[in-house]
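Remarks on the overall topology
If you want the building blocks of each chain, they are given just below.
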Amino acid sequence: MIPFQPKVVGFLCNWCSYAGADSAGARKLEVAPEFSVIRMMCSGRVEPQMVLKAFSEGADSVAIFGCHFGDCHYQEGNHSAFIRYQLMRKMLGELGIEPERLRLEWISATEGVKFAAVVKEIVESTRQLGPLQTARVQEFSERAAGGER
Amino acid sequence: MSKPKVAFYWCASCGGCEEAILDLNEGILDVVAAVDIVFWPVAIDTKYADIEAMPDGSIDVCFINGAIRMDDQEHAVKLLRRKSKAVIAFGSCAHLGGIPGLSNLTDRVATLSRAYLEVPSLDNPNGVVPQKVTEVDGGELTLPGFWNRVLRLDEVIAVDYYLPGCPPQPDTISAAVQAILTGDLPPAGTVLSPGRNMCHECSRQASKPEKLKIAEIKRIHQVLVDPDECFLAKGVVCLGLATRSGCGEKCMSANMPCRGCYGPTDGIVDQGAAFLSAFAALLGPGDRPDLGEVVASFDDIAGTVYRFSLPASLAHRGNLMKNKGEPTP
Ligand code: SF4
Ligand code: SF4
Ligand code: FES
């Protein structure tokens, strides 16, 4: 059997986290290839719809990376991002999706080492979680396969 | 010129949409005068066989309310689709899944157990649960199959227009019927109600807060909201932030917050996600020390933000699993 290859979609803010990814590259750090980057102007531009769209198109985890509080180039974008993230984690749990599949991290332009480490950790924990075949869907499918009651 | 032929049908719905048509009051007489109603199980005596006997495409407009969860519903809407030039999804359930769609938080087995075995008011000592086939003296009795989840009408057949609302309000219906009778219709796929967001039309908008200072999300029975005060100012969730206008502020005028039955505005796929986006901006700043408690006090986020639209949500398992082969329905 082919081992499970997790797909992780990362939304990176242009000003800090994307630059942080660049700095990881400049230091020739290894960045997990399972992590696909989408560059956004700000973590506050990452709409919940985009996160859910990524899941519905096959992502096993979604990560949002932005500037640390106080560093957002649009002042409060990362504040909105953080609150949306909190609300969505709770909602995903209610929908039978492990909340740990949604991640948020603050990564500055100089934190290339942190970037590589966090990406690796997210990819590995997604590998542990397995594909987004939610526990609840599995349960439903098994019961449906069990036939009429 | 012969009058346009019109049909009405219901699927997984409560009957409220049928009443909404009668709520046109005298207006219904104009409708009846202008069209020829060929099929309407709730009001006139016609049979499936009458529809089967009609040539394909001979019904001009067919209004279907209710979501789809059973074999007979699928059969009827496929038949009506074949016989109709235009199909209109009537009401929230046909449009987005509606209240029956909330049952997609669980599955068929759990739904049947709850309804037939667990509800406290039940009297079912032998634990009888509906079966597709039951052997009785003298033969077999059959019931239509009950699916694992609820589908929107447009997941089962092609839909030309959507009439939103639980139920659609008389003005929404009248405007749509006028448009249909005069042939003055927007492009196919349109939701027949203005695309603007509810807050724009709400008489309480002046008191809508820039930031929510509340420490806790409240339910409507826990606080007194003044008749001209935005619900959000008291920490009561109002789906108006992400709901299409056109109902005439039905709930707000009864001092209830909008629950979102008109669905998302134009260009938005996922109403719940759009709501969370706007709501999060009001809750800031993100480093407020009580954020955890505020979020925890928001009970049943999924059931609140998708009250009428769970089967249309991107996070709904039907959409999440579409690439991964969940057996459907
Ligand atoms: S949130 Fe609700 S009460 Fe407040 S302005 Fe919008 S629709 Fe009106
Ligand atoms: S206020 Fe909201 S929930 Fe009430 S009828 Fe209008 S759209 Fe529907
Ligand atoms: S610009 Fe980086 S989070 Fe807003």
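Analysis parameters
- Residues numbered from 1 in each chain as written.
- Chains lettered and ligands numbered in written order.
- Predicted model: local features only at pLDDT ≥ 70, side-chain atom pairs only at ≥ 80, totals over all residues.
- Heavy atoms only, no water.
- Helix = DSSP H or I, 4+ residues; strand = E, 2+ residues; numbered from the N terminus.
- Rg over C-alpha atoms; globule rule 2.2 N^0.38 Å.
- Buried < 20%, exposed > 50% of the residue type's maximum accessible area, 1.4 Å probe, protein only.
- Near = heavy atom within 4 Å.
- Nonpolar A, V, L, I, M, F, W, Y, C, P; charged D, E, K, R; others polar.
- Phe/Tyr/Trp six-rings, centres within 6.5 Å; stacked < 30°, edge-to-face > 60°.
- Contact = heavy atoms within 4.5 Å.
- Pairing = 2+ DSSP bridges.
- Core = buried A, V, L, I, M, F, W, Y, C linked by side-chain atoms within 4.5 Å.
- Axes fitted to C-alpha atoms, helices over the stretch in contact; angles between N-to-C directions.
- Buried area = accessible area lost by both parts, 1.4 Å probe.
- Salt bridge = Lys/Arg side-chain N within 4 Å of Asp/Glu carboxyl O.
- Polar contact = N/O pair within 3.5 Å; in protein donor to acceptor, adjacent residues only side chain to side chain.
- Domains from an automatic or database assignment.

When helices and strands are counted, chain B shows twelve helices and nine strands. For chain B, the C-alpha radius of gyration of 22 Å lies close to 20 Å, the compact-globule estimate for 329 residues. Taken over the C-alpha atoms alone, chain B extends approximately 65 × 55 × 40 Å along its principal axes. Within chain B, the proportion of its 329 residues that are buried is 50%.

Taken together, Met198, Thr243, Cys247, Lys250, Cys251, Met252, Cys258, Arg259, Gly260, Cys261 and Tyr262 of chain B are the residues near ligand 2. Residue classes in the shell around ligand 2 are distributed as seven nonpolar, two polar and two charged.

Attention now goes to the packing of aromatic side chains. Residue and element names in this part refer to chain B. For the coordinates displayed, the defined rule picks out 15 aromatic pairs over all chains. Geometrically, the ring pair formed by Tyr9 and Phe39 is stacked, given 5.9 Å between the ring centres and 15° between the ring planes. One end of the pair, Tyr9, is in strand β1 (residues 5-10); the other, Phe39, is in strand β2 (residues 36-39), with 30 residues separating them in the sequence. For Phe39, a relative accessible area of 3% puts it in the buried group. Considering the side-chain rings of Phe275 and Phe279, the 5.1 Å spacing of their centres and the 20° angle between planes classify their relative orientation as stacked.

Moving on: the side chain of Glu105 of chain A. Here Glu105 of chain A is to be found in strand β4 (residues 102-106). Setting aside anything within four residues of it in sequence, one finds Glu105 of chain A in contact with Ile64, Phe65, Gly66, Lys114 and Val118 of chain A.

Further remarks concern the pairing of strand β6 (residues 133-136) of chain B. Residue and element names in this part refer to chain B. Pairing analysis gives four bridges linking β6 to strand β7 (residues 139-142), with the strands arranged antiparallel. Bridge pairing links Val136 to Gly139 in β7. The turn joining β6 and β7, which pair antiparallel and follow one another in sequence, is formed by two residues; a positive phi near 90° is taken by Gly138.

The subject of this paragraph is the site of ligand 1. Around ligand 1, a shell composed of Met198, Cys199, Cys202, Arg204, Gln205, Lys208, Cys230, Phe231, Leu232, Cys238, Gly240 and Met252 of chain B is seen. Broken down by class, the residue content of the shell around ligand 1 amounts to eight nonpolar, two polar and two charged.

A word on the nonpolar core. Grouped together as the largest cluster of nonpolar side chains are 67 residues, with contacts concentrated most on Val51, Leu87 and Met91 of chain A together with Phe275, Phe279 and Phe298 of chain B. Those residues in contact with Phe298 of chain B, other than ones at most four positions away along the chain, are Leu87 and Lys90 of chain A together with Ile217, Val237, Phe275, Phe279, Thr304 and Val305 of chain B. Formed by 26 residues, the second largest nonpolar core is a distinct cluster that contains Cys11, Val156, Val159 and Val191 of chain B.

Before going further, it helps to examine the sheet that holds strand β3 (residues 59-65) of chain B. Residue and element names in this part refer to chain B. Here five strands make up an open sheet; going across it, the order is β2-β1-β3-β5-β9 and the pairing parallel. Where the open sheet ends on each side, the last strands, each with one partner, are β2 and β9 (161-163). Strand-to-strand, the axes of this sheet are offset by a mean angle of 30°, without reference to chain direction.

A word on the interface of chain A and chain B. The partner chain B presents 50 residues to the 37 residues of chain A that form the contact. Buried area between chain A and chain B, summed over both chains or domains, comes out near 3,700 Å², and the portion from carbon and sulfur atoms is 64%. Taken together, the links from chain A to chain B amount to one salt bridge. The interface formed by chain A and chain B holds eight residue pairs in polar contact (both at pLDDT 80 or more) in total. If you list the elements that add at least two residues to the side of chain A that touches chain B, you get α2 (48-56), α3 (77-94) and α5 (135-145) of chain A.

For the rest of this paragraph, the subject is the sheet that holds strand β2 (residues 35-40) of chain A. All names here are of chain A. Taking strand neighbours across the sheet as the criterion, the four strands line up as β2-β1-β3-β4 in an open arrangement whose pairing is parallel. The open sheet terminates on both sides in strands that have one partner only, identified here as β2 and β4. Direction aside, the axes of adjacent strands within the sheet are offset by 20° on average. When strand β1 (residues 8-13) meets strand β3 (residues 61-66), the two strands line up parallel, connected through five bridges. Bridged to Val9 within β3 is Val62. Here α2 sits on the sheet in contact with β1, β2, β3 and β4, set at roughly 145° to β3.

The subject of this paragraph is the domain arrangement of chain B. Residues and elements named next belong to chain B. Assigned domains within chain B: domain 1 (5-99 + 150-182), domain 2 (107-147) and domain 3 (198-317). With 15 residues of domain 1 at the contact, the number on the domain 3 side is 14 residues. Roughly 1,100 Å² is buried in total at the junction of domain 1 and domain 3, and carbon and sulfur atoms are behind 63% of that figure. Across the domain 1-domain 3 interface, the total number found is zero salt bridges.

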